[in-house]
Amino acid sequence: AGGGPLLPDSVLYEIFLYLDHVDVISVGLVCQQWHAVARDEFLWKELFYRYYRISREVPRHPAAVSWYDEFQRLYDTIPCVEVQALKEHNDQVLHLSFSHSGCLFASCSKDCTVKIWSNELDISLQHSSNMRPYNWSYTQFSQFNSDDSLLLVSGVFVGPHNSSSGEIAVISMENFTLLSRVRNKPYDVFGCWLNETNLISGNLHRIGRITSCSVLWLNNAFQGIESENVNVVKRLFKIQNLNASTIRTVMVADCSRYDSPDLLLDYEEQLAASSTSTCPVFDLGSDSEEEEAKPKQTPEPAVQELPDDGGVRAEDGLQQLFDDIMEGRVRPAMTETELETKVAELFVRNRTKPPELNLLSMDSNSKTKYLIFTTGCLTYSPHQIGIKRILPHQMTTAGPVLGEERRSDEFFDSLDHVIDIHGHIIGMGLSPDHRYLYVNSRAWPRDCIISDPMQPPPIAEEIDLHVFDLKTMKEVKRALRAHRAYTPNEECFFIFLDVSRDFVASGAEDRHGYIWDRHYNICLAKLQHDNVVNSVAFSPVEQELLLTASDDTTIKVWRSPRAVRIQQARKPRPRKLLFSWLMNQKS
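Residues numbered from 1 in each chain as written. Predicted model: local features only at pLDDT ≥ 70, side-chain atom pairs only at ≥ 80, totals over all residues. Heavy atoms only, no water.

Caption draft 1: Representation of unusual backbone geometry. Proline 186 follows lysine 185 through a cis peptide bond whose omega is -5°. Relative to the helices and strands, proline 186 resides in the loop between β9 (178-184) and β10 (192-193). At methionine 473, a residue that is not glycine, the phi angle is positive and equals roughly 60°. The topology assignment puts methionine 473 in the loop between β23 (463-469) and β24 (474-475). Residue classification places methionine 473 among the buried residues on the basis of a relative accessible area of 3%. Within the chain, arginine 511 stands out as a residue other than glycine whose phi angle is a positive 70°. Looking at the element boundaries, arginine 511 is found in the loop between β26 (503-506) and β27 (512-517). (Helix = DSSP H or I, 4+ residues; strand = E, 2+ residues; numbered from the N terminus. Buried < 20%, exposed > 50% of the residue type's maximum accessible area, 1.4 Å probe, protein only.)

Structure (structure tokens):
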């Protein structure tokens with residue numbers, strides 16, 4: 001601000017219309033009195049929509065108090081400034097996870113270590129655990145429990161004859177001792193916490209060439225030191241897999257938090273919420289032998305609720321199928337793969353526990369949780385998201401073991417909900433309020449037909465980031481795009497994403513991490529590495545701090561321009577040059 005006449009509104013308007021070709025900061029030089037422009041909401045609204053190329057149908061962020069503040073938020077609070085590079089790993093860094101307090105974070109790597117870092121102004125290494133003495137090949141995933149007292153670490157375990165499956169280790173954060181180890185098969189189930197002391201693992205039992213059964217287990221984290229008279233393991237669910245599919249990537253969503261979301265993504269719902277209440281204003285700166293399977297679900301595109309598949313007795317259906325085959329009534333002739341799938345469907349039809357009540361009618365204030373995982377029904381590549389309700393009585397290892405509470409003819413559990421992605425799922429993440437599920441996927445061709453489950457369709461190089469509302473079970477917003485991946489189906493690997501209150505971030509194979517705004521659905525920043533970016537993680541207490549992990553063996557620390565300015569202002573000014581100048585003057 002300074003002396004001189006104000007620029008006419010018409011001139012300012014023309015300046016903003018052509019801002020596509022002008023650096024935003026230079027506007028401050030053009031305008032003689034910047035504070036006058038900052039007060040003009042009409043001009044800032046025009047600037048905002050034109051500069052970020054957002055449809056005018058998209059309303060302003062519900063927590064924003066002005067268009068100027070909103071423009072400043074997107075410009076000044078994105079963690080896009082690299083402030084530190086951590087190079088203590090000596091191989092590819094695969095995953096990052098913060099403690100809930102934000103004071104610590106963990107990193108997993110192909111060097112077979114899990115490292116614990118102290119999140120201070122300058123991040124420092126606090127502890128490193130080498131898992132190679134336990135026959136691990138590498139560590140791949142970690143998660144702190146709800147009170148940050150325990151760390152779950154998932155890795156690839158090398159067994160007899162070099163066979164590989166997974167294993168989960170639980171590490172105490174008090175003294176970094178290993179408390180327990182749990183087998184986990186396949187290894188990309190990863191595992192997750194259900195509550196403070198119980199974690200979920202998986203097991204896989206082959207039934208035929210392309211038919212299998214996934215068993216999900218609830219494990220007590222302290223099973224290595226608990227009394228032998230106390231149950232430390234309990235079977236949660238047993239689910240059939242068809243056409244070479246398996247259950248992978250398990251996570252838990254807490255349904256009790258849906259009615260108080262941090263950010264509503266449906267614009268009509270935003271409007272309804274704002275008309276009935278005052279919107280808060282944020283500062284926006286174990287093995288067992290099992291067999292067979294569950295009834296096949298044939299999902300329509302997007303989301304479907306699963307019906308109770310009853311009716312024809314399994315024995316009658318199987319007998320009819322065999323009679324048709326023997327008498328030549330099956331035309332065209334079934335392949336061995338098709339026959340195996342059909343027999344598995346018929347055999348298990350009346351041996352599956354029916355799905356729970358409609359998830360949409362569930363009391364949002366209940367203590368129910370959702371178990372969410374990737375699965376499939378057409379091929380081995382994960383192309384569906386399965387959702388299974390976990391009831392309060394299932395959240396402890398106490399009580400009946402190995403499914404003793406079910407009827408003798410209920411061998412398997414059906415899914416309560418399935419979301420079909422029509423592509424290879426390569427990443428999932430929950431919003432902090434657990435209301436929204438974000439899914440990275442690489443799409444299949446639109447009209448592809450899968451005739452061989454061992455030959456999935458080719459996948460796109462462009463990654464789609466889908467958003468699903470777990471309260472309505474519907475996809476919201478259009479898929480986010482910008483990031484890319486290049487590996488084919490058989491080499492495809494997980495790319496972890498993370499969600500903060502206002503942003504979502506993801507890695508990519510194009511040597512960049514990406515940040516989008518959740519409300520406006522726009523890409524805000526690209527964060528450069530020298531190789532594939534495998535994982536990203538926002539600080540849960542400071543979304544202007546982001547970590548990225550890469551195959552280039554480094555972890556990069558990114559802060560927002562605002563956070564960098566604040567840090568620099570707190571640092572004491574250097575006095576060395578002034579002291580040298582004074583000494584020279586005296587001499």
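Caption draft 2: Here's a closer look at the pattern of salt bridges. Applying the stated criterion across every chain, the model contains 18 salt bridges. Of the charged contacts, one joins lysine 388 and aspartate 416 as a salt bridge, the two residues approaching to 3.4 Å between their closest N and O atoms. You can see lysine 388 sitting in strand β18 (residues 384-390) and its partner aspartate 416 sitting in the loop between β19 (412-413) and β20 (417-420), a full 28 residues away along the chain. The class for lysine 388 is buried, based on a relative accessible area of 2%. According to the relative accessible area criterion, aspartate 416 is buried, its value standing at 1%. Three or more residues joined by partner-sharing salt bridges are found here, namely Glu70, Arg73 and Asp517. (Salt bridge = Lys/Arg side-chain N within 4 Å of Asp/Glu carboxyl O.)

Caption draft 3: Inspection of the pairing of β18 at higher detail. For β18, a buried count of 7 out of 7 residues is recorded, marking the element as mostly surrounded by other parts of the structure. Along β18, one buried face is formed by Gln384, Gly386, Lys388 and Ile390 and the opposite face, lined by Ile385, Ile387 and Arg389, is buried too. One ladder, built from 7 bridges, connects strand β17 (residues 369-375) with β18; its direction is antiparallel. Residue pairing in the sheet places lysine 369 in a bridge with isoleucine 390 of β18. As paired strands, β18 and β20 are joined by 4 bridges and run antiparallel to one another. Its bridge partner being in β20, glutamine 384 is matched across the sheet by aspartate 420. (Pairing = 2+ DSSP bridges.)

Caption draft 4: Up close: the packing of aromatic side chains. Tallying each qualifying case throughout the model produces 20 aromatic pairs. Ring centres of tyrosine 51 and phenylalanine 71 lie 5.6 Å apart, and the angle between their planes is 55°; this geometry places the pair in the tilted category. Of this pair, tyrosine 51 sits in helix α4 (residues 41-51) while phenylalanine 71 sits in helix α5 (residues 67-76), and the two are 20 residues apart along the sequence. Taking relative accessible area as the criterion, phenylalanine 71 reaches 4% and is therefore assigned buried. Within the aromatic cluster, the residues linked to one another by ring pairs are Trp44, Phe48, Tyr49, Tyr51, Tyr52, Trp67, Tyr68, Phe71 and Tyr520. Over the ring of tryptophan 67 we find arginine 60; its NZ or CZ atom is 5.6 Å from the centre of that ring. The positively charged end of lysine 110 is found above the aromatic ring belonging to tyrosine 138, 5.0 Å away from the centroid. (Phe/Tyr/Trp six-rings, centres within 6.5 Å; stacked < 30°, edge-to-face > 60°. Lys NZ or Arg CZ within 6 Å of the ring centre and 35° of its normal.)

Caption draft 5: Broad picture of the UniProt feature "repeat: WD" (unreviewed entry) in the protein. According to UniProt, the feature "repeat: WD" (unreviewed entry) maps to residues 86-118 and 526-558 in the numbering used here. Structurally, residues 526-558 is divided into 0% helix and 70% strand, and its ends, taken at the C-alpha atoms, are 11 Å apart. (UniProt positions renumbered as here; feature names shortened; annotations may be inferred.)

Caption draft 6: Highlighting the packing of α4 against α5. The contact between α4 and α5 brings their axes to 8 Å, and the two run at 35°. Crossing of α4 over α5 shows left-handed handedness. Taking contact as the criterion, the partners of Glu41, Trp44, Lys45, Leu47, Phe48, Tyr49 and Tyr51 in α4 are, on α5, Trp67, Tyr68, Glu70, Phe71 and Leu74. In terms of residue class, the contact of α4 with α5 is made up of 9 nonpolar, no polar and 3 charged. (Axes fitted to C-alpha atoms, helices over the stretch in contact; angles between N-to-C directions. Left-handed = near helix turned anticlockwise from the far one by under 90°. Contact = heavy atoms within 4.5 Å. Nonpolar A, V, L, I, M, F, W, Y, C, P; charged D, E, K, R; others polar.)

Caption draft 7: Local environment of the environment of proline 392. Here proline 392 shows up in the loop between β18 and β19. We classify proline 392 as partly exposed; its relative accessible area is 46%. Through-space distance from the C-alpha of proline 392 to that of lysine 367 is 6.3 Å; in sequence the pair is 25 residues apart. The contacts of proline 392, once residues within four sequence positions are left out, are Lys367 and Thr368.

Caption draft 8: Just the side chain of glutamine 84, in detail. Its place among the elements puts glutamine 84 in strand β1 (residues 81-86). With relative accessibility at 17%, the residue glutamine 84 sits in the buried group. In this structure, glutamine 84 is in contact with Leu121, Asp122, Ile123, Ile555, Lys556 and Val557, ignoring residues within four places of it in sequence.

Caption draft 9: Up close: the sheet that holds β9. Sheet architecture is open: 4 strands sit in the order β6-β7-β8-β9, paired in antiparallel fashion. Edge positions in the open sheet fall to β6 (136-144) and β9, since each of these has one partner strand only. Neighbouring strand axes in the sheet, compared pairwise and without regard to direction, differ in orientation by 25° on average. Bridge count between strand β7 (residues 150-158) and strand β8 (residues 164-172): 9 bridges; the pairing is antiparallel. Paired with serine 154 across the strands is isoleucine 168, a residue of β8.

Caption draft 10: Here's a closer look at α5. For α5, every residue scored as buried is listed here: Trp67, Glu70, Phe71, Arg73, Leu74 and Asp76. Tucked into the core, α5 has its buried residues touching α4, β26, β27, β28 (522-528) and α9 (561-570).

Caption draft 11: Focus on the confidence of the model for the protein. Scored by pLDDT, the protein has a mean of 81; 71% of the residues are at 70 or more. Note on residues 1-8: pLDDT is under 50 here. Beyond four places in sequence and across chains, it has 16 contacts. Within the model, the stretch residues 276-312 combines pLDDT values under 50 with 110 contacts to residues more than four positions away or in other chains. (pLDDT = per-residue confidence, 0-100.)

Caption draft 12: Highlighting the sheet that holds β10. Pairing within the open sheet is antiparallel, and its 4 strands lie in the order β10-β11-β12-β13. Here the strands that pair on one side only, and so sit at the sheet edges, are β10 and β13 (233-241). Here strand β12 (residues 212-220) runs beside β13; their pairing, made up of 8 bridges, is antiparallel. Within β13, the residue paired with serine 212 across the bridge is asparagine 241.

Caption draft 13: Quick peek at the pairing of β28. Relative to β28, β27 runs antiparallel, the two being bridged by 6 bridges. Its bridge partner being in β28, tryptophan 516 is matched across the sheet by cysteine 523. Between β27 and β28, which pair antiparallel in sequence order, lie 4 residues; one of them, asparagine 521, sits at a positive phi of approximately 60°.

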